[in-house]
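Analysis of the macromolecular model
For reference, the chains in residue letters:
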Amino acid sequence: MISNKPLFLILLSIGLILPFILPGFKLQLSIMWILVVLALTWDVQGGQMGYNTFGNIFFFGLGMYLCASTQIGMFFPLSEWTAAGGEKTFVHLPEQYFQGLTLGLIVAAIIPAIVAMVVGYGILGLRGHYFAICTLGLGIAAGEFAGGIELIGAGQGMTSPPWPKGLGDTELRGEFFYYICFTLMICTFLFLRWAYSTRFGLVLNAIRDNEDKAESMGIDTMKYKISGWVTSAFFLGIAGGLMGNMIGYIEPVETAFPGKTFGVFMVLMAILGGKGTLIGPVIGAIIFHIFKEGFWTFFLGWQYVALGALIVIVVVFFPEGIMGFLREKFPSKFGEVIDEKDRLSQIELK
Amino acid sequence: MSAILQINGVSKSFGGIIANQSITLSVANKQITGLIGPNGSGKTTLFNSICGTHPIDEGSINFNGKEVSTLPIPAVAKLGLLRTFQQTHIYGKLNCIQNMLISAKPKNDSLFSIFNKIPLDLNDEAEHLLEFVGLYQKRYLRAGDLSFGQQKLLELAMALMNKPKMLLLDEPTAGINPTLINGIIDRLIKVNEEYGITLLIIEHNMKVIMNLAEEIFCLTHGKLIAQGTPKEIKNDQKVIDAYLGK
């Protein structure tokens, strides 16, 4: 495979010093790593397992709300915070802020994972288009549902705790969140890299290629499908929690459960890079983010047209993504070789 | 010889179509048994019933002393009763070695074994079996890029990798060129003798099944009409009528 140690270390150190090279883009870079996490976790279902899900955004938004609610609820009454102007009355002390964030991220990881297990048990039995439509409903329903809960600000949303005053400026805040996002991305990447090297990875691929066969060979596919979704939800929840803190304002449809932006982007990024590969979603997310920000800067007003054109180009010319394209061009680099010893020997059973 | 698979009065109908009608048969342990019948006579339905693809309407299916007609598909497979498909079912985007590795039965199969490493010694076993079916040179190619016949052989090797007690083969020689068919027959006999695996084979090619099987069952319109040695089946008037029409 292409990923090897020196290259990985070089990229890692670039990632570590990036906020000092491009100090003006810290928030954008942090969001880029969040997007990489979204693409990587979507690929667990959409790429490796062959289950196209549009509902992963559900766990993202769930994590966002859970994290912010925990951060606030630990120290102040949540309902008063979300009432008009409430966030101005209560102020987190620095240590309260970090305690809240730590516990908030833990809650944002665990609860979505549990929810994924329960929901997954119900709907992972569906296949193909039925599963896709069902998950689409999941994301939309969650947005509507969150918009109806008064405790978390209902339709007008809620503020996540602001960076405590007297703790450095916004530069420090930017660096702080950059490194957390970067760490989350690295952890997700390494965890999936390890998971794909185990039986889990092979079984997911087997489900993608032929689920009936996998079952008839004695594999409890449900167990693996649920584990995959739980994994995705775990990392997505943390990503959501961080995103809520970075943006500072949580709105049910636009920020927490943005099905038509992030929900679609995560699919597109994985496809652009090459779904079903480990490195593909990472490349796809980075390229996509650069293009997207470029469109928003240079084609303002036409940005969605440009983005639409990009989607069409990707689907028409790179249906298998960048990695899939490379694999088709250079199959031997990906280990697809016929044993040279007797290349000419066709199957001849004697 | 004792029976490893005992089917008692199994019936299955789809809407108004009766696919199997109180079929009773038993397959002797470590023997090659054939199942023949014209198209649409209910052979594959019987296979599906045995493997748990669909529930049966009535009757019982007993494998190795255990009732399997109510078990889900993976549970039946874990007992050591595997099947291959008429249309080959392989994992197209994985290479042959990976196809083999995933087919091996994991040593422990608890909830925490999901993230277990694939044991390294399985590689040798996989290569050995791929050599046995003549796919060793192509082991690093994607299984989906193999020809149809090669995929059939791969599917056979995958089944062997699982070390089943009994294999249900659904037309193992359909769509394969005549010279290769002889190779497959040899392999199947070896599988039966060396690995001690009981085989139940659906086959349309009479030459093949008459050479392979020690006992043959014949189905027509969902009913069992004849059973016996190949010679008896060949001369059975009911079988001849079923195939040629009366």
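Residues numbered from 1 in each chain as written. Chains lettered and ligands numbered in written order. Predicted model: local features only at pLDDT ≥ 70, side-chain atom pairs only at ≥ 80, totals over all residues.

Focus: the overall build of chain A
What counts, and what does not: A run of H or I in DSSP becomes a helix once it reaches four residues, and a run of E becomes a strand once it reaches two; helices and strands are each numbered from the N terminus. Computation of the radius of gyration draws on C-alpha atoms, with the globule rule given as 2.2 Å multiplied by the number of residues to the power 0.38. Labels follow a simple rule on C-beta atoms placed from the backbone: if 20 or more others lie within 10 Å of a residue's own, it is buried; if 12 or fewer, it is exposed; otherwise it is partly exposed.
Of regular secondary structure, chain A possesses 15 helices and two strands. Relative to the globule expectation of 20 Å for 350 residues, the C-alpha radius of gyration of chain A, 22 Å, shows essentially globular dimensions. Counting only C-alpha atoms and orienting by the principal axes, one finds that chain A spans roughly 85 × 45 × 40 Å. Expressed as a percentage of the 350 residues in chain A, the buried residues total 46%.

Considerations on the interface of chain A and chain B
Convention followed: Our contact criterion uses C-beta atoms placed from the backbone: two residues qualify when those atoms are within 7 Å. When residues are grouped by polarity, Ala, Val, Leu, Ile, Met, Phe, Trp, Tyr, Cys and Pro land in nonpolar, Asp, Glu, Lys and Arg in charged, and all others, Gly among them, in polar.
Each side of the interface is counted separately: chain A has 32 residues, and chain B has 39 residues. At the level of elements, α9 (199-216) and α10 (221-247) of chain A are the ones that each hand at least two residues to the side of chain A that touches chain B. Residue classes in the side of chain A that touches chain B are distributed as 12 nonpolar, eight polar and 12 charged.

Focus on the nonpolar core
Basically, it comes down to this: Note on terminology: a nonpolar core is any set of buried Ala, Val, Leu, Ile, Met, Phe, Trp, Tyr and Cys residues joined through C-beta atoms within 7 Å. Reported domain spans reflect what an automatic or database domain assignment gives.
With 156 residues, the main nonpolar core has Ala239 of chain A together with Ala157 of chain B as its most contacted residues. With 14 residues, helix α2 (residues 26-49) of chain A is the single largest residue contributor to this core. When we break this core down by domain, the ones giving at least three residues each are domain 1 (1-80 + 164-246) and domain 2 (90-106 + 117-163) of chain B. Apart from the residues within four sequence positions on either side, alanine 239 of chain A is in contact with Ile34, Val37, Leu38, Phe60, Gly63 and Leu184 of chain A.

Focus: the pairing of strand β3 (residues 32-36) of chain B
All names here are of chain B. Formally: One requirement defines pairing of two strands: DSSP has to find at least two bridges between them.
A large share of β3 lies buried, amounting to five of its five residues. Taking every second residue as pointing to the same face, both faces of β3 are buried, with Ile32, Gly34 and Ile36 on one and Thr33 and Leu35 on the other. Judged from the four bridges that link them, β3 and strand β9 (residues 215-220) form a sheet pairing that is parallel. Residue pairing across strands places isoleucine 36 opposite cysteine 218, the latter belonging to β9.

Some remarks on the domain arrangement of chain B
All names here are of chain B. According to the domain assignment, chain B consists of domain 1 (1-80 + 164-246) and domain 2 (90-106 + 117-163). Here the C-alpha centre of domain 2 lies 25 Å away from the C-alpha centre of domain 1. Opposite the 10 residues of domain 1 that make contact, domain 2 presents nine residues. Counting residues per element, the side of domain 1 that touches domain 2 draws most heavily on helix α6 (residues 178-194), at three residues. Its residues placed into classes, the side of domain 1 that touches domain 2 shows seven nonpolar, two polar and one charged.

Concerning the packing of helix α13 (residues 279-298) of chain A against helix α14 (residues 303-317) of chain A
Residue and element names in this part refer to chain A. Note the following rule: Throughout, an axis means a line fitted to C-alpha atoms (over the contacting stretch in the case of helices), and angles, computed between N-to-C directions, take values from 0 to 180 degrees. For this classification, under 35 degrees means roughly parallel, over 145 means roughly antiparallel, 65 to 115 means roughly perpendicular, and everything else is oblique. Left-handed is the label given to a crossing in which the near helix is rotated counterclockwise from the far helix by less than a right angle, and right-handed is the label when the rotation is clockwise.
The geometry of α13 relative to α14 is characterised by a closest axis approach of 8 Å and an angle of 150° between their N-to-C directions. Accordingly, the angle class assigned to the pair α13 and α14 is roughly antiparallel. As α13 runs across α14, the sense of the crossing is right-handed. Every residue of α14 that contacts α13 at Phe291, Lys292, Phe295 and Trp296 is listed here: Gln303, Ala306, Leu307 and Leu310. Tallied by class, residues from the contact of α13 with α14 come to six nonpolar, one polar and one charged.

Some details on helix α7 (residues 128-146) of chain A
Residue and element names in this part refer to chain A. We apply this condition: Expected helix span is given by 1.5 Å per residue-to-residue step, counting one fewer step than there are residues. What the arc measures is the spread of directions leading from the helix axis to the C-beta atoms.
Along its 19 residues, α7 runs 28 Å from first to last C-alpha, staying within 8% of the 27 Å computed at 1.5 Å per residue. If you check which residues of α7 are buried, you get Phe131, Thr135, Leu138, Gly139, Ala142, Gly143 and Ala146. The buried residues of α7 occupy an angular sector of 120° when projected down its axis, which confines them to one face. Residues of α7 that are exposed and point over 90 degrees away from its buried face: His129, Tyr130, Glu144 and Phe145. Considering only its buried residues, α7 is in contact with α3 (57-73), α6 (94-123), α11 (252-256) and α12 (262-273).

Let's talk about α2 of chain A
Residue and element names in this part refer to chain A. As a reminder of what qualifies: We define the bend at each residue as the angle formed by axes fitted to the 7 residues ending at it and the 7 residues starting at it.
Relative to the 34 Å expected for 24 residues at 1.5 Å per residue, α2 spans 34 Å between its end C-alpha atoms, a close match to the ideal helical length. At aspartate 43, α2 shows its largest bend, some 50°. Counting buried residues in α2 gives 22 out of 24 residues, a clear majority hidden from the surface. One or two positions beyond α2, positive phi appears at glycine 50, with a value near 75°.

Quick look at the environment of phenylalanine 14 of chain B
Residue and element names in this part refer to chain B. Here phenylalanine 14 shows up in strand β1 (residues 3-14). On the neighbour-count criterion, phenylalanine 14 (10 C-beta atoms within 10 Å) is exposed. Separated by 43 residues in the primary sequence, phenylalanine 14 and aspartate 57 place their C-alpha atoms 9.8 Å from one another.

Considerations on the sheet that holds β1 of chain B
Residues and elements named next belong to chain B. The strand order β2-β1-β4-β5 describes an open sheet built from four strands, whose pairing is antiparallel. Sheet topology places β2 (17-28) and β5 (66-67) at the edges, where each strand pairs with a single neighbour. Here strand β4 (residues 58-63) runs beside β5; their pairing, made up of two bridges, is antiparallel. Counterpart to asparagine 62 in the pairing with β5 is glutamate 67. Along the sheet, helix α1 (residues 43-51) makes contact with β1, β2 and β4, crossing β2 at roughly 65°.

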